[in-house]
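# Coordinate inspection notes
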Amino acid sequence: MAILSGVVDGNNDYEHGEPLLITTSSSSDHGEGRNLRRSDAVESVVDYRGDRVYDRSKYGGWKSAYSIIAIDIADSFTYWGISSNLISYLTGPLGQSTVTAAENINIWGGVVSLLPFLSAFVADSYLGRFRTVLISGFIYILGLGLLSLSVVLPSLISSLNYNDNSFFFSSPTSYQLVFFFCSLYIMAIGRSGCKSCAQAFGADQFDGRDPKECKSKSSFFNWWFLGLIFGNGISHLTLNYIQDNMGWGLGFGIPCTVVVVALVIFLLRTKTYRYSVIEKKQNPLVRITRVFIAAAKNWRKTPSLDSLQEDTVKLPGMHLGANQFRFLDKALIDISKDSLRKNDIKCTADQVEEAKAAIRLVPIWLTCLIYGIAVAQSTTFCIKQGNTMNRKIGRDFEIPSASMQIFGSVAVVFSIVFYDRVFVPSARSFTGKPTGITMLQRIGCGMFVSTVSMVVAAIVEKTRLQIALDNGLIDMPQATVPMSIWWLVPQYILQDTSDIFALIGMQEFFYDQVPNELRSVGLGLYSSILGMGHFLSGFLISIVDKLTSGSGRYSWFSDNLNRAHIDFFYWLLAGLSAFELLTFIYVSKSYIYKR
């Protein structure tokens, strides 16, 4: 395929002259030449044949971007439609305890959020974004198909007991568990490539150096986010109801069909896309690693003024961080010719600055992890709480507990409008900054709102337990607590509102502060915060469960939620979030932005 060879290799022979007009011909033009102005050429991109794009009206733009947005809508619909109600399936048909189900969801959620980091690196360094999205899409469909089979073919699973052939499973349930979770993780692998590369590939369809396309590129990100909210909202309104009332086979099968349709739409526009050319140069991760190796080799040596003079920092603003992490300056020491060895490494000042910039990100990354733990709770205990409450609307309709997350999605839309139209202009009048507040200040605001959401969640759960006690329902876990599920709306709204500050702030921060060649990896780094948050959430739940159970006591996460104390867990998260916020403020004060 010309697409793959031309894009990945980047060996395209471009014309070096600058004629006013250039003439092209193609089969689509029936052999007739077309006169195109040189200004129509797009730098650093090729078409599906691997040729340079001279006609920007024919390749890229909105006609290509819309089909890529379809991938985002399908992914959002699928992921949230499955993850938001997964705890109901695990504790229902699969018969897992609340603690086990929560731990499994957190581990899976962590893997889902961490894999895009790896996929982004592979795409930026080897495969390219188009090829990564394509391959990942097929893996995504495979995982979803197997997920549906694990539900709709239980009879087939039960029949896999071949005593005569020494092929025997201890029980159909254990086999179904293995089959189900393997399918779930295959889905995670497929989603990672779509999540990390589809958005960047969509932005590639617009030339940021062209004034008109630059505006369209900005609008693309708005439409992309609206697509995410649309897919999220539709899944909560429809898919969660189908899963609870019409069967899990249909509830898992519909997302598979949606992804198939989206991938077909994506492929139909293959000949209209602009493909970025991957330049053959040293990988930035390798450059940064070389700095640490060189500094370690020279750690006993003292740099002289003469050895560092020729490597004086040349990039504007780099002197701001010159006094930080001085041990990395050892990498600039010039090895004399007499002592030069093959394994000696000489680095430039630019490479040292890249390494320093990477180290500066570590404290910020670490102080954001507790926020990831708080985010993980929306798809675990909040759903279980809602299942015990009064969910009726009118006489007959009963709203699925997982569907309550739609209010968070709606809150996100209104919060964005509030942030852009009210908050930023007001903050700008005080700070004088075009963005109102800095990226780190935006993240800090999100952490504060998240802390408040945990406090509200603890108060609501304490109220639910008191109502259950007053009505004699403590030992009746299947009974409906006479408390409306609408009590959960404030915590969903607050948590999702915090995302407007924290998550988008993290996305912008890590995208902007990494080396330019690693911006896809920077987005993966942001995603890894959520991944580690899920892992830490599972670890924390396991520890708390062991400490609070035993000796005849009920665990904080007892299957009987009326005997459990999830409110204590929310108070614990509120305390950890407050500590995180104070630590984050302290660390942020010493951070030096890359220029």
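As the structure is a computational prediction, the values presented were derived from the model and not from experiment. (Residues numbered from 1 in each chain as written. Predicted model: local features only at pLDDT ≥ 70, side-chain atom pairs only at ≥ 80, totals over all residues. Heavy atoms only, no water.)

### Examining the overall build of the protein
Along the backbone of the protein there are 19 helices and 10 strands. When contacts within the protein are restricted to residue pairs at least 6 apart in sequence, those whose partners lie at least 24 apart make up 77%. Total accessible area on the protein stands at roughly 28,000 Å², and carbon and sulfur atoms take up 62% of it. (Helix = DSSP H or I, 4+ residues; strand = E, 2+ residues; numbered from the N terminus. Contact = heavy atoms within 4.5 Å. Areas by Shrake-Rupley, 256 points an atom, 1.4 Å probe, with all protein chains shown as cover.)

### A word on the packing of aromatic side chains
To describe a pair of aromatic rings, one takes the distance between the centres and the angle between the planes. Under the defined criterion, the tally for this structure stands at 26 aromatic pairs. Ring geometry for W248 and F252: centres 5.6 Å apart, planes at 45°, overall tilted. Taken together, the positions of W248 and F252, both in helix α9 (residues 248-268) and four residues apart, correspond to about one turn of that helix. Pair check on accessibility: W248 and F252 agree, each one buried. Directly above the ring of Y79 sits R191, whose terminal nitrogen or CZ lies 3.9 Å from the centroid. (Phe/Tyr/Trp six-rings, centres within 6.5 Å; stacked < 30°, edge-to-face > 60°. Buried < 20%, exposed > 50% of the residue type's maximum accessible area, 1.4 Å probe, protein only. Lys NZ or Arg CZ within 6 Å of the ring centre and 35° of its normal.)

### Remarks on the pattern of salt bridges
Going through the model one piece at a time under the given rule, you end up with four salt bridges. Put simply, R391 and E398 hold a salt bridge, and the shortest N to O gap is 3.5 Å. Looking at E398, the relative accessible area reads 36%, which means it is partly exposed. Where R464 meets E461, a salt bridge forms, and the shortest distance between an N and an O atom there is 2.9 Å. With R464 and E461 both in helix α16 (residues 439-470) and three residues apart, the pair spans about one turn of that helix. The class of R464 is buried, set by a relative accessible area of 1%. (Salt bridge = Lys/Arg side-chain N within 4 Å of Asp/Glu carboxyl O.)

### Structural notes on the side chain of H236
Mapped onto the elements, H236 comes out in helix α8 (residues 211-245). A polar contact is formed between the side chain of H236 and the side chain of N232, at a distance of 2.6 Å. (Polar contact = N/O pair within 3.5 Å; in protein donor to acceptor, adjacent residues only side chain to side chain.)

### With respect to the packing of α16 against helix α17 (residues 489-513)
Running from N to C, α16 and α17 cross one another at 155°; their axes reach a closest spacing of 8 Å. Taken together, the axes of α16 and α17 lie roughly antiparallel to each other. Once α16 is placed against α17, the crossing between them reads as left-handed. Among the residues making up the contact of α16 with α17, the classes are represented as 19 nonpolar, eight polar and three charged. (Axes fitted to C-alpha atoms, helices over the stretch in contact; angles between N-to-C directions. Parallel < 35°, antiparallel > 145°, perpendicular 65-115°, else oblique. Left-handed = near helix turned anticlockwise from the far one by under 90°. Nonpolar A, V, L, I, M, F, W, Y, C, P; charged D, E, K, R; others polar.)

### Focus: the nonpolar core
Ranked by size, the top nonpolar core spans 83 residues in total, and within it F180, L184, F266 and Y570 carry the most contacts. Per-element tally for this core: the top contributor is helix α7 (residues 172-203), with 10 residues. Formed jointly, this core draws a minimum of three residues from each of two domains, domain 1 (42-158 + 169-280) and domain 3 (350-594). Apart from the residues within four sequence positions on either side, Y570 is in contact with Q377, F381, C382, Q385, M454, A457, A458 and E461. Among the nonpolar cores identified, the runner-up in size contains 24 residues, and C368, Y526, L581 and F584 belong to it. (Core = buried A, V, L, I, M, F, W, Y, C linked by side-chain atoms within 4.5 Å. Domains from an automatic or database assignment.)

### As for the packing of helix α12 (residues 349-366) against α17
One way to put it is that α12 packs onto α17 with a least axis distance of 11 Å and a crossing angle of 165°. For the element pair α12 / α17, the angle class is roughly antiparallel. The chirality of how α12 crosses α17 is left-handed. Contacts from A357, L361, I364 and W365 of α12 reach α17 at F509, F510 and Q513. For the contact of α12 with α17, the class distribution of residues is six nonpolar, one polar and no charged.

### Topic: a nonpolar patch on the surface
A contiguous nonpolar surface patch, about 550 Å² in accessible area, is contributed by Y241, M246, L250, I393, F397 and W486. F397 gets classed as partly exposed once you look at its relative accessible area, which sits at 37%. (Patch = residues over 30% accessible without salt bridge, like charges linked within 9 Å, V, L, I, M, F, W, Y side chains within 5 Å.)

### Some details on the state of the cysteines
One pass over the structure, following the stated rule, counts zero disulfides. Between C194, a free cysteine, and C197, which holds the nearest cysteine sulfur, the sulfur-to-sulfur gap is 8.6 Å. (Disulfide = S-S within 2.5 Å.)

### A few points about the confidence of the model for the protein
Confidence in the prediction for the protein averages 76 pLDDT; 77% of positions are at 70 or higher. Strand β1 (residues 21-24) is the least confidently modelled element of the protein, averaging 36 in pLDDT, while helix α19 (residues 566-589) averages 93, the highest of any element. A low-confidence stretch, residues 155-172 stays under pLDDT 50, and its non-local contacts, those more than four residues away or across chains, total 16 contacts. Low pLDDT, under 50, characterises residues 335-340; the predicted model gives this stretch five contacts beyond four residues in sequence or across chains. (pLDDT = per-residue confidence, 0-100.)

### Observations regarding the environment of L267
Among the structural elements, L267 can be located in helix α9. C-alpha of L267 to C-alpha of S67: the two residues are 200 residues apart in sequence and 8.5 Å apart in space.

### Topic: the side chain of S498
Examined against the element boundaries, S498 turns out to sit in helix α17. A distance of 2.9 Å separates polar atoms of two side chains, one belonging to S498 and the other to Y371.

### Some points on the environment of K356
In this fold, K356 is placed in helix α12. K356 gets classed as buried once you look at its relative accessible area, which sits at 4%. Along the primary structure K356 and K594 are separated by 238 residues, whereas in three dimensions their C-alpha atoms are 10.0 Å apart.

### Considering the pairing of strand β10 (residues 481-484)
Strand residues, when the strand is regular, have side chains that alternate between the two faces of the sheet. Burial along β10 is one-sided: V481 and M483 are buried, and none of P482 and S484, which face the opposite way, are. The pairing of strand β7 (residues 389-390) with β10 spans two bridges and is parallel. By the bridge assignment, M389 is partnered in β10 with V481. (Pairing = 2+ DSSP bridges.)

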